[in-house]
Amino acid sequence: YDSENDDHKRKLAFLKKGIQLNYQHHWIIDNMPVIWCHIIEDGKYCTPGFPIGCFITKNGIAKDACAIRVSVENLLQKYKFNTFYLFNHVDIIITYHKKSERNWGIARLVAARLDPQSYKHSDENHLTCSGPPMEIAREHTENLSVTYTYSVRFEENKSIKWASRWDYILESMPHTNIQWFSIMNSFVIVLFLSGMVAMILLRTLHKDIIRYNQASFSEEIQEDFGWKLVHGDVFRPPRNRMLLSAFLGQGIQVLIMTFITLFLACFGFLSPANRGALMTCAVVLWVLLGTPAGYVSARMYKTLKGVNWKSNFLLTALLCPSVVFVDFFFINLILWVEGSSAAISFGTLIGILAMWFGISVPLTFLGAYLGSKKKQFRCPVHTNQIPRHIPQQSFFTKPLFGIIIGGVLPFGCIFIQLFFILNSIWSHQMYFMFGFLFLVFIILLITCSEATVLLCYFHLCAEDYHWWWRAFFTSGFTAVYLFIYAVHYFFTKLQITGIASGILYFGYTMVMVLIFFLFTGTIGFFSCFWFITKIYSVVKVD
């Protein structure tokens, strides 16, 4: 470091800022993350990364890694206040085992650990692993020379098998108790909703159906029970039927993709050892699942009395993927401008476009063609020519209130898992508990279905038959809570500075929110559609 060089000044300022924000090194050896294990109050804790340095404030408070490495005894003796300490030396320990005693030259790496140290080397020719640490004063004005060194020690361990070499990383991350709390929390919500739905289906609704079928359809009876009064309007097609059909087609595509991906990950096919396997599997499945998307969209559009099935196919195949592609292209443009190594090459973008238009769009057309040739769904009751007047609704039965309330309970099932997922994306922590995630995914399906059916029944009793879009938005509103939580996570958990970094975070977040909105909304819609079809098919109507 030359104090007269402006470029060196900027680099030193960047290094100090990185230490203050607890920036981490993330190393990979033989496709395995190199972990740093340290002792904390609760025991041993390992992380798949280590800090570039640490900082001691002018009040003597050791921040981040300094709080771990600096003991109270040597705080005053060895370390200075208001000073940065750079970890410029690492002791790497590589554990291996031999494949067999005969093949002496073949050995497999089964563990990689390191311990960061701070040593003030005189120069490259006089290295020392003892003495004072590598300190950088907060207001450093003198010339500075930093030498980075490392040491490697190989240890043989015959007890660790190649297939279980990731176990020591996973076992050192104490999140299991929190995950079980998350599952129990989700189960309580599901039991509550199941109890409510069972009470309605087995008691209230069952009694309603019996009375409707036994009564003589008098004026007085009809006024007492609201949901049968709208039988002539409950299957009246909604506004923007083509857009709704496109959303449902894309939602089915995302739902099946998510289910298969989590199912494969749950059984270890997409483990963290296969870097990028999870995302690759999801993209390939999305491309190949164009046929179900086109079929569901076209069939629902025909059920809603739509006739322009080709326009519906184009909307299904292009609308949501276009939004996601434009978002990713804009993010990639920022990464190119910033010179980031995470930027996707132009050839990869062309490959993604080729998969979209060469595979996904033709498969969506095939599904839309098959769906348009099928007979439309036969509704259990006829639709009146003249729409029924909807009475004045109270505040609690208005659509907005139901939509806002409908997203609370599904979000309550996932918010703890969401914290770990965001940590794995933005804090470079590994996410490996796909069994928990798959279980939470199933609970989310049940919760979205039950919450939507419950609110749908209440609105039908209030003689409001506009349920199509409301069923989609009721469970889909969970995505809004996901976005609010992501904003909270950005401002409270992350220390991201710079406009480009903020745009990247919210760009990726918007893609997550859109995908989540599509498949939760689709779950709620088809649950409500099945519920309404069932209750009106068992009622006798004049």
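Small disclaimer: the values here were computed from a predicted structure and weren't measured. (Residues numbered from 1 in each chain as written. Predicted model: local features only at pLDDT ≥ 70, side-chain atom pairs only at ≥ 80, totals over all residues. Heavy atoms only, no water.)

Student: How would you explain the overall build of the chain if you had to name every residue and give the values?
Tutor: Scanning the chain from terminus to terminus reveals 18 helices and 13 strands. Expressed as a percentage of the 542 residues in the chain, the buried residues total 45%. By sequence separation, contacts in the chain at least 24 residues apart represent 78% of the contacts at least 6 residues apart. By element, 63% of the accessible surface of the chain is carried by carbon and sulfur atoms, the whole surface being about 28,700 Å². (Helix = DSSP H or I, 4+ residues; strand = E, 2+ residues; numbered from the N terminus. Buried < 20%, exposed > 50% of the residue type's maximum accessible area, 1.4 Å probe, protein only. Contact = heavy atoms within 4.5 Å. Areas by Shrake-Rupley, 256 points an atom, 1.4 Å probe, with all protein chains shown as cover.)

Student: Just give me the short version of the packing of aromatic side chains, but keep the residues and values in it.
Tutor: Throughout the structure, instances matching the rule amount to 42 aromatic pairs. Each ring, one from Tyr457 and one from Phe458, has its centre 6.1 Å from the other, and the planes form 55°; the classification is tilted. Given the relative accessible area of 38%, Phe458 is considered partly exposed. With centroids separated by 6.5 Å and ring planes inclined at 55°, the aromatic side chains of Phe483 and Phe506 adopt a geometry described as tilted. On the criterion of sequence distance, the pair formed by Phe483 in helix α17 (residues 478-492) and Phe506 in helix α18 (residues 499-537) is long-range, its members being 23 residues apart. A connected cluster of aromatic rings, assembled from ring pairs, spans Phe259, Phe263, Phe267, Phe438, Phe441, Phe516 and Phe519. (Phe/Tyr/Trp six-rings, centres within 6.5 Å; stacked < 30°, edge-to-face > 60°.)

Student: Account for a nonpolar patch on the surface, with residues named and values stated.
Tutor: Together, Phe329, Phe330, Leu333, Trp336, Phe346, Ile350, Ile499 and Ile503 make up an exposed nonpolar region whose accessible area comes to about 780 Å². For the nonpolar patch, the elements supplying multiple residues, two or more each, are α11 (309-338), α12 (346-373) and α18. With 4 residues, the top contributor of residues to the nonpolar patch is α11. Mapped onto the secondary structure, Phe346 falls in helix α12. (Patch = residues over 30% accessible without salt bridge, like charges linked within 9 Å, V, L, I, M, F, W, Y side chains within 5 Å. Salt bridge = Lys/Arg side-chain N within 4 Å of Asp/Glu carboxyl O.)

Student: Give me the lowdown on the nonpolar core, citing residues and values where you can.
Tutor: Counting 89 residues, the largest nonpolar core has Leu460, Trp467, Phe525, Ile532 and Tyr536 as the members making the most contacts within it. With 15 residues, the top contributor of residues to this core is helix α15 (residues 434-461). (Core = buried A, V, L, I, M, F, W, Y, C linked by side-chain atoms within 4.5 Å.)

Student: Break down the side chain of Thr303 for me, with residues and values.
Tutor: Looking at where Thr303 falls in the secondary structure, it is placed in helix α10 (residues 290-303). Residue class for Thr303 comes out buried when judged on its relative accessible area of 6%. Ignoring sequence-local partners within four residues, the contact set of Thr303 consists of Gln376 and Phe377.

Student: Give me the pattern of salt bridges: which residues, what numbers.
Tutor: All chains considered together, the criterion is met by 5 salt bridges. Where Glu155 meets Arg153, a salt bridge forms, and the shortest distance between an N and an O atom there is 3.0 Å. For Arg153, a relative accessible area of 44% gives the class partly exposed. Salt bridges here are not isolated pairs; linked through shared partners, they connect Asp7, Arg10 and Lys11.

What is shown is where atoms sit, not what they do.
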